[in-house]
Amino acid sequence: MPTIIVSPLKTIAEMAARHQATEMISLIAEKQDFHRPGIVQASRHLKLAMNDIAFAGKDGLIAPQESHVEAIIDFARGWEQSAPLLVHCWMGVSRSPAAALIAALAVSPSLDDDALARQLRNASPQATPNTRLIEIGDLVLGRRGRLVSAVKAIGRGADYVGDAPFSLLWEHN
């Protein structure tokens, strides 16, 4: 069963070790530095520089771009699904949940967008997927508005109460 672990930055080493994740996607601000957990293969670590914003970007901020989403999709399609994929951002609430949905649909395009979004909400009451990533992902994956609608239907997550890594898993169709 494919599994994506969504984590804030400060728990990536613990999550990688606990779940034996050897592949990771990092969605982090351009100059934010961190150490890749040793268990994660350097060749299977995708680091994308972007800020958690939903507008085009200004004043040095980098908005999520189509090239970021295409990189997430390409990386996910190369994921060895026998072990979980670790996806993280700063707090594990916005960019990484959006990337997890995009990655899941990239490897399992027949998944129902509404069911997947509800599963995300059940796994994380505070997840609020980044709307710009979701809109671009919907377009690039050819979801025809289904992903955008599904994320809108689950609404904004609960107020942030602290780090809460979670797992998103599904059956292959």
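Criteria and thresholds
- Residues numbered from 1 in each chain as written.
- Predicted model: local features only at pLDDT ≥ 70, side-chain atom pairs only at ≥ 80, totals over all residues.
- Heavy atoms only, no water.
- Phe/Tyr/Trp six-rings, centres within 6.5 Å; stacked < 30°, edge-to-face > 60°.
- Helix = DSSP H or I, 4+ residues; strand = E, 2+ residues; numbered from the N terminus.
- Buried < 20%, exposed > 50% of the residue type's maximum accessible area, 1.4 Å probe, protein only.
- Pairing = 2+ DSSP bridges.
- Axes fitted to C-alpha atoms, helices over the stretch in contact; angles between N-to-C directions.
- Contact = heavy atoms within 4.5 Å.
- Salt bridge = Lys/Arg side-chain N within 4 Å of Asp/Glu carboxyl O.
- Arc of directions from axis to C-beta.
- Expected span 1.5 Å × (residues − 1).

(A) Region of interest: the packing of aromatic side chains. All chains considered together, the criterion is met by 1 aromatic pair. Seen from their ring centres, Trp79 and Trp170 are 6.3 Å apart, and the 65 degrees between their planes marks the pair as edge-to-face. Of this pair, Trp79 sits in the loop between helix H2 (66-77) and strand E4 (85-89) while Trp170 sits in the segment after strand E5 (166-169), and the two are 91 residues apart along the sequence. A relative accessible area of 5% places Trp79 in the buried class.

(B) Structural context of the sheet that holds E4. Across the sheet, which stays open at both edges, the 5 strands sit in the order E3-E2-E4-E1-E5 with mixed pairing between neighbours. With one partner strand each, in any of the chains shown, strand E3 (45-49) and E5 form the two edges of the open sheet. Between one strand and the next, the sheet's axes are offset by a mean angle of 20 degrees, whatever the strand orientation. Summarising the sheet, strand E2 (residues 23-28) and E3 pair through 5 bridges and their orientation is parallel. Bridging from a neighbouring strand, Ile25 pairs with Leu46 of E3. In the packing of helix H1 (residues 12-19) onto the sheet, the strands contacted are strand E1 (3-8), E2, E4 and E5, and the crossing angle to E1 comes to about 155 degrees.

(C) Molecular detail of the pattern of salt bridges. Using the criterion set out here, one finds 6 salt bridges in the structure. Taking the shortest distance from any N to any O, the salt bridge between Arg143 and Asp113 comes out at 2.8 Å. Placement of the pair is Arg143 in the loop between helix H5 (131-140) and helix H6 (146-154) and Asp113 in helix H4 (residues 113-123), with a sequence separation of 30 residues. Among the residues examined, Arg143 registers a relative accessible area of 4% and is labelled buried. By relative accessible area, which is 4% here, Asp113 ends up buried. Between Asp113 and Arg146 there is a salt bridge; the shortest N-O distance is 3.4 Å. Of this pair, Asp113 sits in helix H4 while Arg146 sits in helix H6, and the two are 33 residues apart along the sequence. Relative accessible area serves as the criterion here: at 41%, Arg146 is assigned to the partly exposed category. Taken together, the shared-partner salt bridges connect Asp113, Arg143 and Arg146 into one network.

(D) Geometry of H6. Here H6 has its buried residues at Leu147, Val148, Ala150, Val151 and Ile154. The buried residues of H6 occupy an angular sector of 165 degrees when the element is viewed end-on, so they sit on one face. In H6, the exposed residues that point more than 90 degrees away from the buried face are Lys152 and Ala153. Of the surrounding secondary structure, the elements contacted by the buried residues of H6 are helix H3 (95-107), H4 and H5. Immediately beyond the C-terminal end of H6, within one or two residues, lies Gly155, with a positive phi of roughly 70 degrees.

(E) Structural view of the environment of Leu86. Structurally, Leu86 is set in strand E4. Judged by relative accessible area, Leu86 falls into the buried class, the value being 0%. It is 9.4 Å that separates the C-alpha atoms of Leu86 and His45, two residues lying 41 residues apart in sequence. When sequence neighbours within four positions are dropped, the list of residues in contact with Leu86 reads Ile5, Ser7, Ile12, Met15, Ala16, Ala21, Glu23, Met24 and Ile25.

(F) Region of the structure containing H2. In this model, H2 (12 residues) spans 17 Å end to end at C-alpha, consistent with the 16 Å of a helix rising 1.5 Å per residue. His68, Val69, Ile72, Ile73, Phe75 and Ala76 are the residues of H2 that are buried. Here the buried residues of H2 occupy an arc of 165 degrees about the axis, which is enough to place them on one side. Relative to its buried face, H2 has exposed residues pointing more than 90 degrees away, namely Asp74 and Arg77. Buried residues along H2 sit against E2, E3, E4, H3 and H5.

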